[in-house]
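Examining the three-dimensional arrangement
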Amino acid sequence: FALGEYQRATELLRQASGLADGFVASEPILAARIYRSLGRVEAIGNDLPVADQRLSRAVALLRVNDATPMELAACLYQLAELRRRQSRWPEALELGREALALRRTHLPANHADLADSLTQSASIYRRLGRTSDAEALLREALSSMQVAL
């Protein structure tokens, strides 16, 4: 996929999606990882409704099957980003805030993923007209990035 073979990657991941359906009962975390990967590819290919379906399924599986907090946070972040792209601002904010809370709890203050979540939430707040909230998060993200340097 990284080499630009989008069509081939999509074809392989769709085959994996069929396998994931069979893993839901016995290996739900594995199934969630497959759905998440396919959702990411679908989002890159701009098939946003299908990407949303895949990522939503992955989040649902991760929530009820003892996924690591960071795995859930990464999937929530991706779903929030997808909802942001769809201009579904309130949903994007809720998902992004949940990912941010997990990352704040489990990552050091200078971690790049935490800065990404802060920036994502700030972007959503800005779109919702909550500029003071956006500014506070951007300041925190900047501080986090400066500590990392």
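Provided above is the structure to which this section pertains.
These remarks concern the structure in this document. (Residues numbered from 1 in each chain as written. Predicted model: local features only at pLDDT ≥ 70, side-chain atom pairs only at ≥ 80, totals over all residues. Heavy atoms only, no water.)

For the rest of this paragraph, the subject is helix α4 (residues 69-85). Here α4 contains 17 residues, and its C-alpha end-to-end distance of 24 Å stays within 8% of the 24 Å for a straight helix at 1.5 Å per residue. Of the positions making up α4, those classed as buried are Glu71, Leu72, Ala73, Ala74, Cys75, Leu76, Tyr77, Gln78, Leu79, Ala80, Leu82 and Arg83. Its buried side turned inward, α4 meets α2 (28-44), α3 (48-64), α5 (89-106) and α6 (112-127). A positive phi of about 60° marks Ser87, the residue just after α4. (Helix = DSSP H or I, 4+ residues; strand = E, 2+ residues; numbered from the N terminus. Expected span 1.5 Å × (residues − 1). Buried < 20%, exposed > 50% of the residue type's maximum accessible area, 1.4 Å probe, protein only. Contact = heavy atoms within 4.5 Å.)

Moving on: the nonpolar core. In this structure, Leu62, Leu76 and Leu82 are the most contacted members of the largest nonpolar core, which totals 27 residues. Contributions of two or more residues to this core are made by α1 (6-23), α2, α3, α4 and α5. Residue contacts for Leu62: discarding those within four places in its chain leaves Ile29, Ala32, Ala67, Glu71, Leu72 and Cys75. Grouped together as the second largest cluster of nonpolar side chains are twelve residues, Ala92, Ile124, Leu137 and Ala141 included. (Core = buried A, V, L, I, M, F, W, Y, C linked by side-chain atoms within 4.5 Å.)

To continue, consider the side chain of Gln120. Mapped onto the elements, Gln120 comes out in helix α6. A relative accessible area of 4% means that Gln120 is categorised as buried. A polar side-chain atom of Gln120 sits 3.1 Å from a polar atom in the side chain of Glu81. Excluding residues within four positions of it along the chain, Gln120 makes contact with Tyr77, Ala80, Glu81 and Gly96. (Polar contact = N/O pair within 3.5 Å; in protein donor to acceptor, adjacent residues only side chain to side chain.)

Let us look at the packing of aromatic side chains. Scanning the model with the defined rule gives zero aromatic pairs in all. Seen from the ring of Tyr77, Arg103 lies directly overhead, with NZ or CZ sitting 4.9 Å from the centre. (Phe/Tyr/Trp six-rings, centres within 6.5 Å; stacked < 30°, edge-to-face > 60°. Lys NZ or Arg CZ within 6 Å of the ring centre and 35° of its normal.)

Our next topic: the side chain of Glu42. Its place among the elements puts Glu42 in helix α2. Setting aside chain neighbours within four positions, we find Glu42 in contact with Tyr6, Thr10, Arg14, Asp47, Val50 and Ala51.

On to the packing of α4 against α5, then. Geometry of a packed helix pair, given as the angle between the helix axes and the separation of the axes. Two elements in contact, α4 and α5, have axes whose closest approach is 8 Å; the angle formed by their N-to-C orientations is 155°. As judged from the angle between their axes, α4 and α5 are roughly antiparallel. Of the two possible hands of crossing, α4 and α5 adopt the one that is left-handed. Along the contact surface, α4 presents Pro69, Met70, Leu72, Ala73, Ala74, Leu76, Tyr77, Leu79, Ala80, Arg83 and Arg84, while α5 presents Trp89, Glu91, Ala92, Leu95, Gly96, Glu98, Ala99, Leu102, Arg103 and His106. In terms of residue class, the contact of α4 with α5 is made up of 14 nonpolar, two polar and five charged. (Axes fitted to C-alpha atoms, helices over the stretch in contact; angles between N-to-C directions. Parallel < 35°, antiparallel > 145°, perpendicular 65-115°, else oblique. Left-handed = near helix turned anticlockwise from the far one by under 90°. Nonpolar A, V, L, I, M, F, W, Y, C, P; charged D, E, K, R; others polar.)

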